[in-house]
Amino acid sequence: MRLVMTTFGFLAAIVLVPAAALAGAYDGSSGLICASLDTAHCVAEGECATGRAASVNLPQFFKIDFEAKTIRAERPDGSERSSPIEIMSHDQDHLVLQGVQEGLGWSVVIDETTGHMTIAASGHGEAFIVFGACTLD
Amino acid sequence: MAASGLRPACRSEKIKRWDKARGNTNMDRKGVLRGCLGAAFFVAVCAAAAPPVRAQELFIYPAQGQNEEQQSRDRFECHSWSVQQTGFDPSNPGSQQQAAANVPPPPGQEAPKGGLLQGGARGAAVGVVGGAIAGNAGKGAAIGAATGALLGGMRRSDQRRQQEQQQKNYDAQVRAAEAQQQASAGGRQSYNRAMTACLEARGYSVS
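Conventions used here
- Residues numbered from 1 in each chain as written.
- Chains lettered and ligands numbered in written order.
- Predicted model: local features only at pLDDT ≥ 70, side-chain atom pairs only at ≥ 80, totals over all residues.
- Helix = DSSP H or I, 4+ residues; strand = E, 2+ residues; numbered from the N terminus.
- Buried ≥ 20, exposed ≤ 12 C-beta atoms within 10 Å, placed from the backbone.
- Contact = placed C-beta atoms within 7 Å.
- Expected span 1.5 Å × (residues − 1).
- Arc of directions from axis to C-beta.
- Core = buried A, V, L, I, M, F, W, Y, C linked by C-beta atoms within 7 Å.
- pLDDT = per-residue confidence, 0-100.
- Pairing = 2+ DSSP bridges.

(A) Just the overall build of chain A, in detail. Across its full length, chain A holds one helix and 10 strands. Going from N to C terminus, chain A has its helices and strands arranged as α-β-β-β-β-β-β-β-β-β-β. Across the 137 residues in chain A, those meeting the buried criterion constitute 30%. For chain A, the proportion of contacts with a sequence separation of at least 24, taken over those separated by at least 6, is 40%.

So, in structure tokens, the structure goes:
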């Protein structure tokens, strides 16, 4: 009986420990690489257009540097685009990053368990929504 | 076309009157044929002489045996009178049609890239910006390069409005050109009516 209990406990540890370790993988403790997948762009008149990241002048991939509090992407020519992170917080297993740039207020919300990412930015009578995913850098 | 259009007229009573005026009441079948060919030639010459073919949609027959010189004079005078009455000159139908032809292509037709936006005309206008921006190329890339902004560098409303304004301007141009074309068609109809009235008063059969 003891042998069975020991074996079961061992197996449970094998399964649960990595899951627990992974649960907080996207909590801001490590840098992330994020991919922008689908986007939606809406205007005040109520019309929306969907597309890919490039259609809203967003790079396909960007990095989140939590130490430097910066989101940055590199162009093919080596030049860089970046946005400073003003606020970083956690809520219900989600990492929330917020900032302001060139009249647009934006927020990046990352599921700390799955890495799923949602970006919302608005201003000038229009709004952008970007869906994507992040992984550890 | 001219010959087929004249065929009924050659069988009409007016031909007989024409023949009578020439003192040829017993014209044989060959003579009738000759007259028809002459009339067809006249219509063809008229059609070829005046540049706007549509203005010559009228079939004009010298019902009183007017000679060619008289016909030319009458036709010219009736043309001048009709232009004066209607304000429409078929030899200069309009800068309007040229204006319609000169409407530039809609903004955005030259912007093929991007292409994933939806939503009709506005979507097309917006797509121009998206297309330009796609792939870090063109204007979009230039904007990004200028600002270096990432999330704040997403497409800006002033660019979108500029594209929308271009689309609206184009739509307005197309509508204006269409209205001018319709007005031009109406002027041509009035001109033809005036020509018919004038020529019939001078002893021509017009249809």
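Next comes the rest of the description.
(B) Up close: the overall build of chain B. Within chain B, the regular secondary structure consists of eight helices and two strands. Its helices and strands in sequence order give chain B the pattern α-α-α-β-α-α-α-α-α-β, from N to C terminus. For chain B, buried positions account for 25% of its 207 residues. A separation threshold of at least 6 residues defines the contact pool for chain B, and within that pool the share at least 24 residues apart is 68%.

(C) Fine view of helix α4 (residues 68-86) of chain B. All names here are of chain B. Taking 1.5 Å of rise per residue, 19 residues should cover 27 Å, and α4 covers 26 Å from first to last C-alpha, within 8% of that figure. All of the buried residues along α4 are Arg75, Cys78, His79 and Ser82. Seen along its axis, α4 keeps its buried residues to an arc of 110 degrees; they face one direction. Opposite the buried face of α4, by more than 90 degrees, sit the exposed residues Glu69, Phe76, Ser80 and Gln84. Backbone geometry just after α4 places Gly87 at a positive phi near 75 degrees.

(D) Spotlight on the nonpolar core. With 27 residues, the main nonpolar core has A:Ile119, A:Ala121, B:Leu151 and B:Met154 as its most contacted residues. Put simply, the parts of the chain that give this core at least two residues each are β1 (32-43), β3 (61-65), β4 (70-74), β7 (94-101), β8 (104-111), β9 (116-123) and β10 (126-136) of chain A. In terms of residue count, β8(A) provides more of this core than any other element does, four residues in total. Discounting chain neighbours no more than four positions away, the residues touching A:Ile119 are A:Trp106, A:Val108, A:Val130 and B:Leu151. Core analysis: the next-biggest nonpolar cluster, separate from the first, contains 11 residues, B:Ile60, B:Tyr61, B:Ala63 and B:Cys78 among them.

(E) Structural view of the confidence of the model for chain A. In this model, chain A carries an average pLDDT of 86, and 83% of its residues clear a pLDDT of 70 or more. Contacts of residues 15-20 of chain A to residues separated by more than four positions or lying in other chains number zero contacts, the stretch itself having pLDDT below 50.

(F) Spatial organisation of unusual backbone geometry. Residues and elements named next belong to chain A. Despite not being glycine, Asn57 shows a phi value in the positive range, around 60 degrees. With respect to the secondary-structure elements, Asn57 resides in the loop between β2 (48-52) and β3. Residue Asn57 is classed as buried on the basis of its C-beta count, with 27 C-beta atoms lying within 10 Å. Phi at Gln92 is positive, roughly 50 degrees, even though this residue is not glycine.

(G) Here's a closer look at the pairing of β7(A). Residue and element names in this part refer to chain A. Burial along β7 is one-sided: Leu95, Leu97, Gly99 and Gln101 are buried, and none of His94, Val96, Gln98 and Val100, which face the opposite way, are. Relative to β7, strand β6 (residues 87-91) is paired through five bridges, and the arrangement is antiparallel. When the sheet's bridge partners are listed, His90 is paired in β7 with Leu95. The pairing of β7 with β8 spans eight bridges and is classified as antiparallel. Paired with Gln101 across the two strands is Leu104, which belongs to β8. As consecutive antiparallel partners, β7 and β8 are separated by two residues, and within that stretch Glu102 has a phi angle of approximately 50 degrees, a positive value.

(H) Examining the pairing of β8(A) more closely. Residue and element names in this part refer to chain A. With burial as the criterion, only one face of β8 is covered, namely that bearing Leu104, Trp106, Val108 and Ile110; the residues Gly105, Ser107, Val109 and Asp111 on the opposite face remain uncovered. Inspection of the sheet shows β8 paired to β9 by six bridges, in the antiparallel sense. Among the inter-strand pairings, Val108 is bridged to a residue of β9, identified as Ile119. Between β8 and β9, which pair antiparallel and follow one another directly, the connecting turn spans four residues, one of which, Gly115, has a positive phi of 85 degrees.

(I) Representation of the confidence of the model for chain B. Residues and elements named next belong to chain B. Taken residue by residue, chain B gives an average pLDDT of 64. The fraction at 70 or more is 43%. Taken element by element, chain B is modelled with least confidence in helix α6 (residues 120-133), mean pLDDT 35, and with most confidence in α4, mean pLDDT 91. Taken as a whole, residues 1-16 scores under 50 in pLDDT and shows 20 contacts with residues more than four places along the chain or in a different chain. Across residues 44-55 the pLDDT falls below 50, and counting only partners more than four positions away or on other chains, this stretch makes 17 contacts in the model. Across the interface, the model reports ipTM at 0.76; the global pTM reads 0.44.

(J) Main features of the environment of A:Phe62. Tracing the backbone through its elements, the reader meets A:Phe62 in strand β3. Given 25 C-beta atoms within 10 Å, A:Phe62 falls into the buried group. C-alpha separation for the pair A:Phe62 and A:Arg72, spaced 10 residues apart in sequence, amounts to 5.6 Å. In this structure A:Phe62 touches A:Cys34, A:Ile71, A:Arg72, A:Ala73 and B:Leu150, once residues within four positions along its chain are discounted.

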